[in-house]
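# Analysis of the macromolecular model
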Amino acid sequence: MNAYNVIFFVALPYAALLMFLVGTIYRYKATKFKFSSLSSQFLETRKLYWGSVPFHWGILFLFFGHLTAFLLPSSILAWNQQPVRLMILEVSAFAGGVVTLFGLIGLFYRRLVDARLRKVTSIIDIVLEALLITEIFLGLWIAFGFRWGSSWFATVLSPYLKSIFTFSPNIDAVVMLPFVIQLHIILAFIIFLIIPFTRLVHVLVYPLSYLWRPYQKVIWYWDRKKVRDPQTSWTMHKPQNN
Amino acid sequence: MKWSASFCIMFLILAANIYAQFSGEKIFQEKCTACHTIGEGKRVGPDLANITQIRDEQWLVKFIKSSQSLINAGDSLAVSVFEENNKVIMPDQPLNETEIKSVIDYISINSPDPANPNLRTPKQIFDAASITDINIRRGKALFEGTTQFAKGGAPCVICHNVQMPDVFSGGMLAKDLSNAFSRLSAAGIDGIIRTPPFPAMANSYAQKPLEDSEVKDIIAFLHQADKTNSGNNAGAAVDISFLAVSLFGLNIAFVLLLFNWRRVKKISVNSFH
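Residues numbered from 1 in each chain as written. Chains lettered and ligands numbered in written order. Predicted model: local features only at pLDDT ≥ 70, side-chain atom pairs only at ≥ 80, totals over all residues. Heavy atoms only, no water.

### Let's talk about the packing of helix α4 (residues 83-113) of chain A against helix α7 (residues 149-165) of chain A
Residue and element names in this part refer to chain A. So the rule is basically this: Lines fitted to C-alpha atoms define the axes, with helix axes restricted to the stretch in contact, and inter-axis angles between N-to-C directions lie between 0 and 180 degrees. Numbering of helices and strands starts at the N terminus; helices are DSSP runs of H or I of at least 4 residues and strands are runs of E of at least 2. Any angle from 65 to 115 degrees is called roughly perpendicular, while one under 35 is roughly parallel, one over 145 is roughly antiparallel, and all others are oblique. Between two residues, a contact is recorded if the distance between any of their heavy atoms is within 4.5 Å. Charged residues are taken to be Asp, Glu, Lys and Arg, nonpolar residues to be Ala, Val, Leu, Ile, Met, Phe, Trp, Tyr, Cys and Pro, and polar residues to be all remaining types, Gly included.
Contact geometry of α4 with α7 gives a least axis separation of 9 Å together with a crossing angle of 95 degrees. Taken together, the axis directions place α4 and α7 in an arrangement best described as roughly perpendicular. Between α4 and α7, the residues in contact are Leu86, Leu89 and Glu90 and Gly149, Ser150 and Ser151, respectively. Residue composition of the contact of α4 with α7, grouped by class: two nonpolar, three polar and one charged.

### Description of the pattern of salt bridges
Pairing is possible between side chains of opposite charge, provided their charged atoms come close. Residue and element names in this part refer to chain A. The test is simple: Every case where a carboxyl oxygen of Asp or Glu lies within 4 Å of a side-chain nitrogen of Lys or Arg is listed as a salt bridge. Relative accessibility decides the category of a residue: with a 1.4 Å probe and only protein chains considered, values under 20% of the type maximum give buried, values over 50% give exposed, and everything between is partly exposed.
According to the stated counting rule, one finds 10 salt bridges over all chains in the structure shown. Arg111 serves as the salt-bridge partner of Asp125, at 4.0 Å between the closest nitrogen and oxygen. Here Asp125, found in helix α6 (residues 123-145), pairs with Arg111, found in helix α4; they are 14 residues apart in sequence, far enough to count as distant. Since its relative accessible area comes to 6%, Asp125 is described here as buried. We note a salt bridge from Arg199 to Asp125, for which the minimum N-O separation is 2.9 Å. Of the two residues, Arg199 is situated in the loop between α9 (179-194) and α10 (224-227) and Asp125 in helix α6; the sequence distance between them amounts to 74 residues. With respect to burial, Arg199 and Asp125 carry one shared label: buried.

### Some details on the interface of chain B and chain A
As a reminder of what qualifies: Here the quantity called buried area is the total loss of accessible area, with a 1.4 Å probe, experienced by two parts when brought into contact, counted for both.
If you look at the interface, chain B gives 46 residues, while chain A gives 51 residues. Carbon and sulfur atoms supply 70% of the area that chain B and chain A bury against each other, a total of about 4,400 Å² over both sides. Contact with chain A buries area across many residues of chain B, yet Leu173, Phe242 and Lys265 of chain B alone supply 17% of it, more than any other trio. Between the two partners, chain B and chain A, sit zero salt bridges.

### Describing the packing of aromatic side chains
Just so we agree on the cut-off: Two aromatic rings, drawn from Phe, Tyr or Trp (for Trp, its six-membered ring), form a pair once their centres lie within 6.5 Å of each other, and the interplanar angle then sorts them: stacked below 30 degrees, edge-to-face above 60, tilted otherwise. The criterion for a charge sitting over a ring is simple: Lys NZ or Arg CZ within 6 Å of the ring centre, and within 35 degrees of the ring normal.
Counted by the stated rule, this structure contains 20 aromatic pairs over all chains. Pairing Tyr49 of chain A with Trp50 of chain A gives two aromatic rings, centres 5.1 Å apart and planes at 85 degrees, and the pair type is edge-to-face. Looking at Tyr49 of chain A, the relative accessible area reads 5%, which means it is buried. Consider the rings of Phe28 of chain B and Tyr106 of chain B, whose centres lie 5.4 Å apart with planes at 45 degrees: the pair is tilted. Of this pair, Phe28 of chain B sits in helix α1 (residues 2-32) while Tyr106 of chain B is found in helix α6 (residues 97-109), placing the two residues 78 residues apart along the sequence. Pair check on accessibility: Phe28 of chain B and Tyr106 of chain B agree, each one buried. Here the aromatic cluster, defined as three or more aromatic residues joined through ring pairs, consists of Phe94, Phe144 and Trp148 of chain A together with Phe168 and Phe242 of chain B. The residue whose ring lies beneath Arg147 of chain A is Trp148 of chain A, and the NZ or CZ to ring-centre distance is 5.7 Å. Over the face of the ring belonging to Tyr210 of chain A we find Arg213 of chain A, whose NZ or CZ atom lies 4.1 Å from the ring centre.

### A short note on a positive patch on the surface
Convention followed: The patch calculation keeps residues exceeding 30% relative accessible area without a salt bridge and links them within 9 Å when they carry like charges or within 5 Å when they are nonpolar (Val, Leu, Ile, Met, Phe, Trp, Tyr). Each accessible area is a Shrake-Rupley result for a 1.4 Å probe, and residues are judged covered by the shown protein chains and nothing else. Positive charges come from Lys and Arg alone, negative charges from Asp and Glu alone, with His and the N- and C-terminal ends not counted. A charge is said to be at NZ when it belongs to Lys, at CZ for Arg, at CG for Asp and at CD for Glu.
There is a patch of like positive charges on the surface, built from Arg224, Lys225 and Arg228 of chain A together with Arg263 of chain B. Relative to the helices and strands, Arg228 of chain A is located in the segment after α10.

### Focus on the confidence of the model for chain B
Note: predicted coordinates in regions of low pLDDT should not be interpreted at a detailed level. Filter applied, for reference: Per-residue confidence from the prediction method is given by pLDDT, with values spanning 0 to 100.
This prediction gives chain B a mean pLDDT of 80; 83% of its residues lie at or above 70. Both confidence scores are given for the complex: pTM 0.73, ipTM 0.78.

### Side note on the nonpolar core
Our working definition: Buried residues of nine kinds, namely Ala, Val, Leu, Ile, Met, Phe, Trp, Tyr and Cys, make up a nonpolar core once their side-chain atoms join them within 4.5 Å.
Within the largest apolar cluster, 87 residues are counted, with the highest numbers of intra-cluster contacts made by Trp152, Tyr160 and Ile185 of chain A together with Phe143 and Ile218 of chain B. For this core, the leading source of residues is α6 of chain A, giving nine residues. If we skip the residues at most four places from it in the chain, Ile218 of chain B touches Gly139, Leu142, Phe143, Phe149, Cys156, Ile193 and Leu210 of chain B. Counting 22 residues, the second largest nonpolar core, distinct from the first, contains Cys32, Trp59, Phe63 and Ile104 of chain B.

Take a look at the structure:
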């Protein structure tokens, strides 16, 4: 067994998982206020929409697709049993990947060109976005160049990931995969590894409780329609009492 | 003229040979399997594995045609076989000598090697003459995954492609199998399917091995693919259609984004300063 293979496919995943677990807990306890995406919506909105919305739609679709293939591989294989269904899944995933990449490149561009954003941008933001762009680009390459990834993920990568999570790593199949796929896997672990130090921690504090919290009654004391008119700036101000 | 005649004769011999092999299997399955097996033990009658090595072929032909006639004529061998098998009468078979010989050939081909019972002869692994359209169709369905393997193994198409009309374009993670039959031979394919030397494949099938009939059908399908493979790059057409349909999917996504864009506040809070 090649030492590099052990480092990248056994040591790295465990290091990533450990760092993810310990790092996120530590950061939540130590810097709770910064445990968010540190939204820059107030600084720029127009470019944000074309970056953030497609990126988030796309990445959620791709993430849960990968998660389903890992947790329920037989369900994916059963779905893919009919060629038409396989095509639907593969094409949706590929289109989802392109949408995600489009959005992410938009976000990256916005972060680089907007003077206000540069003030609140750290090196790790750039590193993370560059890693994500590379990762998604590799994913698209794999989807196109090594097609029917949804099926072979279920038979090749699910057992590998399962072996990692059950502490009996079996990397026989992974080390034989093409380099592009190996790089996609390695980058995924590296992204997991750096999550605690990035804005990505916000995925862990998604306000799911909003789904069942009591609703809040909002009474507008000013012209709501005028304020929310998408074409105008915020020219109105809340009436002051004093 | 001479060439045409030779060709016709060769064709007829070949056709007769194919028919004989095919009919041997068919007759055996229809008329013999109720009481006999080839290498799977005794049923009502004896196991017929390697029967041609212990009995004379002419005697076998006579016995299969009418065992009772031989017994009544006092043939000692026939009588002893009759007594060894609890005096159960083997019914006379309305078969001609060619048909009986085709059954004997079938038994011979499919008998295990007595010196090494686990080693199968190339003909036992795959006999081009004995495959039928049904084998090819079943092989195609198993390859594509429209019929599941009995033990639930993943279909071949997820990793392998075969260029053949009407066959769904396969995956590109592993080797293209369009010419696998020429490259690997039936025995090679059989060996790889049964004990895969590739870890990804071994992982997939270690707990879910293919059954004998499934291996045979897959080999029959790959044999057919090898014969019909025109060398056209059908994969390129799939790539283009894949991209085209993806483009359609992208359009839908962007139309939705545009639709939503209408009601988005375009100017951020502090922009008017």
